[in-house]
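Understanding the architecture of this molecule
Chain by chain, the residues run as shown.
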Amino acid sequence: MFPQFGATADTLSKASTMVFRIGTDAHLYDDPDDVSIAPLLDSKFDSEKCEALKRLLALIAQGIDVSNYFPQVVKNVASQSLEVKKLVYLYLLHYAEKRPNEALLSINYFQKDLGDPNPLVRAWALRTMAGIRLHVIAPLVLVAVGKCARDPSVYVRKCAANALPKLHDLRQEEHALAIEEIVGKLLNDHSPAVVGAAAAAFASVCPYNLSLIRRNYRKLCEILPDVEEWGQIALIGILLRYVIASHGLVKESIMFSLQCTESSHSVKDGSDADFGQVKESTDMGGTCDYEFVNMVSRCYIEGPDEYLSRSSYANRESFQLTDEQFTSGKSNDDVKILLYSTSPLLWSNNSAVVLAAAGVHWVMAPKEDVKRIIKPLLFLLRSSNASKYVVLCNIQVFAKAMPSLFAPYYEDFFICSSESYQVKALKLEILSSIATDSSISSIFKEFQDYIRDPDRRFAADTIAAIGLCAQRLPKMAHICVDGLLALTREEFVTKDFGFGDQEAGILTHAILSIKSIIKQDPPSHEKVIIQLVRSLDSIKVPAARAMIIWMVGEYSTLGEIIPRMLNTVLKYLAWCFTSEALETKLQILNTVCKVLVGATEDVWTFKKIFSYLVELAECDLNYDVRDRVRFLKKLQSSNLVSIGQEEGTNDLPEKDLLHVVAECILGRQTRKVKAESFSYRFYLPGSLSQIVLHAAPGYEPLPKPCSLLLDDRNVPEGTSEIKKTVADYSGTDDYGTSSEGSDDESASDYDSQHSVAESSGSGRGDDSEFTSEGNDNADPLIQISDFGNASENQNGVSQSGPANLGELMSDRALESWLDEQSGSSNPGISEQSQVRISSARISLGDVGKRVKPKCYSLLDPATSGNGLKVDYSFSSEISSMSHLLVCIEVFFKNCSSETISEITLVDEDSNRALDAADKAADVNQSSLASSDNVPTLVPMESIASLEPDQTARRILHVRFHHHLLPLKLALYCDGKKLPVKLRPDIGYFVKPLPMDVEVFIDRESRLPGMFEYTRSCAFTDHIEELNKENGDSLFVKDKFLAICESLALKILSNANLCLVSIDMPVAANLDDASGLRLRFSSEILSSSIPCLITITVEGKCSDPLNLSIKVNCEETVFGLNLLNRIANFLVEPTLG
Amino acid sequence: MPPLMGIEFLCRVSDVLSDYLGGLNEDVIKDNFVIVYELLDEMIDNGFPLTTEPNILREMIAPPNIVSKVLSVVTGNSSNVSDTLPGATGSCIPWRAADPKYANNEVYVDLVEEMDAVINRDGALVKCEVYGEVRVNSHLSGLPDLTLSFANPSILDDVRFHPCVRFRPWESHQILSFVPPDGEFKLMSYRVKKLKSTPIYVKPQLSSDAGKCRVNVLVGIRNDHGKTIDSITLQFQLPPCILSADLTSNTGTVNILGNKTCSWSIGRIPKDKTPSLSGTLVLESELERLHVFPTFRVGFKIMGVALSGLQIDKLDLKTAPSRLYKGFRALTRAGEFEVRS
């Protein structure tokens, strides 16, 4: 009976636990493999499959490898039960990478599920498919994501956005553009949930492609409060980056004030005292007072590379922002709207959102508005310990940069005993940096409480904080020192009982604080020093003793009493030398030596003490002490000799030298005990790097102010100077702020070159004077180079900036560019003409006006176009989207009598490249080089309708990938599809690269041999020109100019080049054009490799000329193609 | 990823899990591992939070409640994964489950406050502030649009809102206008700073001499709110230099735990006497006097009063259903209430 009863009791208790756990999956977890799983998986009942899968999941959770069930599990993807599906997906994601081949079996089911009417099924299928991470299926996933991005269900679109980073992680370059395109599309979604996920995708896929943001910046700002919290965090960061990249920093913000009013700042907020320590211990030589804030803002912008280079050269000037990189927060709408839409987020329930919004305000908001972030930030402190630490880390930087912000809220930083040590330490540091004269008394009261805290490490930190406060607020120094002195005495009571390092630490910190306070104003603390010295007997902690002894040496000549005490003190030290710790021994030696150096009386006593110590120390067990004493003995003996020789005369230089040596020794000694917790590197608020204080993977500083357009049309970072000058402009549509920091450099660069060139030009002018007077030698050439070319070009480009934005006709942009050029070339020419014939002038402006890109027909109205005539010409504009794209102007004309509607031009295989500006510059050059070579077309905006005889003009951005074959396009109009062919022109695969003759020749000389290709051809265009002008009574000289003009015109209208210089022969025979040389420069769009073209003319002016064309280019194939192209079009007669 | 985002997300996961499982510990997670897996899979996708709104998660994955447990036992069908996508995922108010129906329309608003205070060694009140939450439990049909206003919103020092709260009405009129999630949620949290007094006082006295330390702590009510103060507790950590302690009290019980934590639970303060804790601590040998002092952490609870003085003015429902039951409550607890000795 009894055993039975026992058994029942046992089962009863078991049963009760069973009842408690009923309905849970506990039994599955406890014994996952008590039944055989395989048959269950093959069962036809969903519930059994489910159970099997749960068992597998339990095994996975317990760390057992069950990948051998993979094939059976994969089969079940086809199940209709959602729970089975979900469990299979969990399993699949866990093992897919391990069993890639079997995973492929599931793809068909995913494809099928993607077409399921249930959005949940579609979303899950997409999520799992993208999560499998197999390179093979990446193209399929891409298609699926593209499809889901157009899904009617918000949830599916959101999952599509989430799938993009997974695809991106596979690092398949050929998909990069398509992924970015989808990101752009999803960012444009009307549902906030999708936008949030798309923002996260953007941040991980293409954070540099800020032009995507430009298109719907306003919309994103407006939608921001409705986006779900996690998306908000990503989106806030993106919007901040965009505003800085496109408009620059805000003038009224803290970032600006720090740049400009450095000196006033150092006076104003007195934070210099705070960093007094830093000041003396860094080699930057007293430059760190106002530096803090300045440094913070600079660190936000510069990347690690720049930071390293700057600190290694200690060159503060390397990074300076100019006025143009700032915009006014009051007038700039984009800035205002960002601040307006982020300010309610400061009330968010999600602390990460609050911190991100606060970060935006910190960087962008006008200084008077920054204070609104304070309360929300402080409110964050009432959350978990972990987030408290993160928030405090950020507040710490804010508080150091602008102590006045947090000063009224010092009570919030008072410490609770339940907080972790790290939080306490941070709070102490913040308190000591925001203390003001009014708050310091209550802060000190708190500190006094903290000193009695059982956590002794924290108490020691408190003492250090007191020292910092006293340094910051010199008024309080006396009170602090008194308190600290009392503390040192109080601690004596406990010192003997040896609570180990902690109490010692407190004493050391107390002395250290006293020491640093004294250092600020030694004379007024004379008594303190004396008191400390007197307490030497009772202070036993070596580090503390060493510091007091150091003070004896340091202030041995201070005041009246200390010098008189020295004798006794040194004797005492010598007496207890043998029983001291190593640290103290070394310090005693130093001090005695130092006293001896500075002593004026009692020298012989000191010497005796010194030699006594030397004897002791030379026999010391520790070799450090022995080494030190040998060194000091040597030093001292030379000193003694000198004193002996010139006693009384006080040889100053000699003494100084010794002082210096002594101080060197001491400096090294003191630094050892100093706790230097100041880091020079700051990271963006809220970032992980700011917490760990080094650049965490994935950390990106803020973009360079006003760099957006630069990035857009050119290579991202680290461009060479010249490229920068081409693209450096910041013509923002509304505000017209322009040029950036490097502009100044480069401009000045060019200025100097300008003057050099000018002087050399005038020199040559002189030469030519001589030569023209009698020298028949044709060799010395007059250079008609446009000196100001480069800088003028900048203007030209910046004028064409708006043109990129579609506000100006490209023709006019080109004209203005050429006009500028000619204008600048005028002085040079007129200079010459003074020498030669006064009225001769090359007016390339005429050329500029006549430069007319050749028009090709895309669609003939008569044959196939149903009355639509489409012509195109290559534009010299540089695409605003990417430097890889060639701009083509397309002219539509309705030649029929009916309205034609819905005209659009797309790539023939249109699954690529659907959305326009999505493909902006990829950051990675190599990725571009390796990406697939199919020409891509950025579709133009369609023309809604075209009335009869109406014309429309569109700019087409095409990426040719150097394909010279015609590009097949499809033209849709009136719903019909017409195939058309676009013939690429290699002459527009380049863009002008302004440079001056010297650079040109230098580069040319570096591209000899196999990089140089020549060809010759005939040129006749000028003859017509000359005949025309014969009617006018022009000088003979003009023949040259006419030739130059027509040649330049021809070339510039057929290729996108930059005219560098024209060399003219100074020959007796005015009809002989031989020796005329034109130089053009350009760079290849895709690779930015320079391409130099030289054309030399031979023959008589009035006859067909023989041109020899030379191309210097690293890229052989491209160079040859370009050469052929130039030769071809030069031969072609000009039309109309 | 910003570190706070990670921390915040983990907090959210722990909230959701403990909400689902009624607690969060190893056993509970093991017992419900499938649900945990499913939830995590729904909450995070490729390292980025996907669906964190508890209401939607509830619709996607049914929590293991008694009904479903019984049902699963009876029917043998244990599916807890919903077949359909919750409608709210697509709506612009993702926190609200689509169209719940209730026979009785009820809204309960609770003010739950925590008082943080620091009293320094001199007995002076260094810091006293209240951290409060407005917790709403709503069972309303359809798509209710509520407005809640306070009688004295100006005392609020700082606020944080649930995403459902519209920012602009608050900015202009300090009115909370929102479409509530279904069930219980935290509508807003607020802070009221610089309060002048605490409901109770704690007066510790420690005097040490000759290796012994005498402790005497008095606790009493400072000013009467008319409400009883419940579950008063006092906790402190004995300094490491104390060898043994002998503490007794005239009311309540005193426990000294293994990690030298001493806790004194008083409960309600009796009318006839002032609770006091007294006794001696023996210091480590050779130590004459105590040089570090413990901090006393006080706990209490007052029902029916919000110590910050915040008062709810009115709660209105725009699209008024026939009958709406509104309930208001208040509660104040001790938060970081510290008394230094």
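Residues numbered from 1 in each chain as written. Chains lettered and ligands numbered in written order. Predicted model: local features only at pLDDT ≥ 70, side-chain atom pairs only at ≥ 80, totals over all residues. Heavy atoms only, no water.

1. Section: the sheet that holds strand β8 (residues 183-192) of chain B
All names here are of chain B. With mixed pairing, the nine strands of this open sheet are ordered in space as β6-β8-β4-β3-β18-β16-β11-β14-β13. Edge strands, defined here as strands with exactly one partner in the open sheet, are β6 (158-161) and β13 (253-256). Pairwise comparison of adjacent strand axes, ignoring direction, gives a mean angle of 15 degrees for this sheet. Across 14 bridges, the pairing between strand β3 (residues 106-119) and strand β4 (residues 125-139) is antiparallel. (Pairing = 2+ DSSP bridges. Helix = DSSP H or I, 4+ residues; strand = E, 2+ residues; numbered from the N terminus. Axes fitted to C-alpha atoms, helices over the stretch in contact; angles between N-to-C directions.)

2. What to know about the side chain of T295 of chain B
Within the secondary structure layout, T295 of chain B lies in strand β16 (residues 295-303). Under the relative-accessibility criterion, T295 of chain B is labelled buried at 12%. Non-local contacts of T295 of chain B, meaning those with residues more than four positions away in its chain, are made with S417 of chain A together with Q235, F236, Q237, E338, V339 and R340 of chain B. (Buried < 20%, exposed > 50% of the residue type's maximum accessible area, 1.4 Å probe, protein only. Contact = heavy atoms within 4.5 Å.)

3. Describing the sheet that holds strand β17 (residues 312-317) of chain B
Residues and elements named next belong to chain B. An order of β7-β5-β17 is seen for the three strands of this open sheet, with the pairing classed as antiparallel. In this open sheet, the two strands that pair with only one neighbour each are β7 (175-178) and β17. Across this sheet, the average inter-strand angle for adjacent strands is 15 degrees, counted without regard to direction. Alignment of strand β5 (residues 146-150) against β17, held across five bridges, turns out to be antiparallel.

4. Overview of the pattern of salt bridges
Enumeration over the complete set of coordinates arrives at 47 salt bridges over all chains. Taking the shortest distance from any N to any O, the salt bridge between D116 of chain B and R382 of chain A comes out at 2.7 Å. Here D116 of chain B, found in strand β3, pairs with R382 of chain A, found in the loop between α24 (374-380) and α25 (385-401), and the two come from separate chains. Accessibility expressed as a relative area gives 5% for D116 of chain B, which makes it buried. Its salt-bridge partner being R191 of chain B, residue E129 of chain B comes within 3.2 Å of it at the nearest N-O pair. With E129 of chain B in strand β4 and R191 of chain B in strand β8, the pair connects residues that are 62 residues apart, well separated along the chain. The same class applies to E129 of chain B as to R191 of chain B, namely buried. Salt bridges sharing partners connect three or more residues here, namely K86, R127 and K166 of chain A together with D41, E42 and D45 of chain B. (Salt bridge = Lys/Arg side-chain N within 4 Å of Asp/Glu carboxyl O.)

5. Some details on unusual backbone geometry
Residues and elements named next belong to chain B. Look at N46: it is not a glycine, yet its phi comes out positive at around 55 degrees. Topologically, N46 is positioned in the loop between β1 (44-45) and β2 (48-49). According to the relative accessible area criterion, N46 is partly exposed, its value standing at 28%. With a phi angle near 55 degrees, K194 is a residue other than glycine that sits in the positive phi range. Locating K194 in the fold gives a position in the loop between β8 and β9 (200-209). For K194, a relative accessible area of 52% corresponds to the exposed category.

6. Some points on the confidence of the model for chain B
Of the residues in chain B, 89% have a pLDDT of 70 or more, and the chain-wide mean is 83. As scored by the predictor, the complex reaches a pTM of 0.66 and an ipTM of 0.91. (pLDDT = per-residue confidence, 0-100.)

7. A look at the pairing of strand β7 (residues 900-907) of chain A
All names here are of chain A. Counted residue by residue, β7 has six buried out of eight residues, so it is predominantly covered. Note: β7 against strand β9 (residues 943-946), three bridges, orientation antiparallel. Residue pairing in the sheet places I903 in a bridge with I943 of β9. Strand direction decides the pairing type here: β7 and strand β11 (residues 967-973), joined by four bridges, are antiparallel. Residue pairing for β11: L905 is matched across the bridge by L971.

8. Details of the interface of chain A and chain B
On the chain B side, the residues contacting the 90 residues of chain A number 82 residues. On the chain A side of the contact with chain B, W230, W347 and F379 of chain A bury the most area, a combined 13% of that side's loss. Our count for the contact surface shared by chain A and chain B stands at 16 salt bridges. A salt bridge links D45 of chain B to R127 of chain A; the shortest N-O distance between them is 3.6 Å. (Buried area = accessible area lost by both parts, 1.4 Å probe.)

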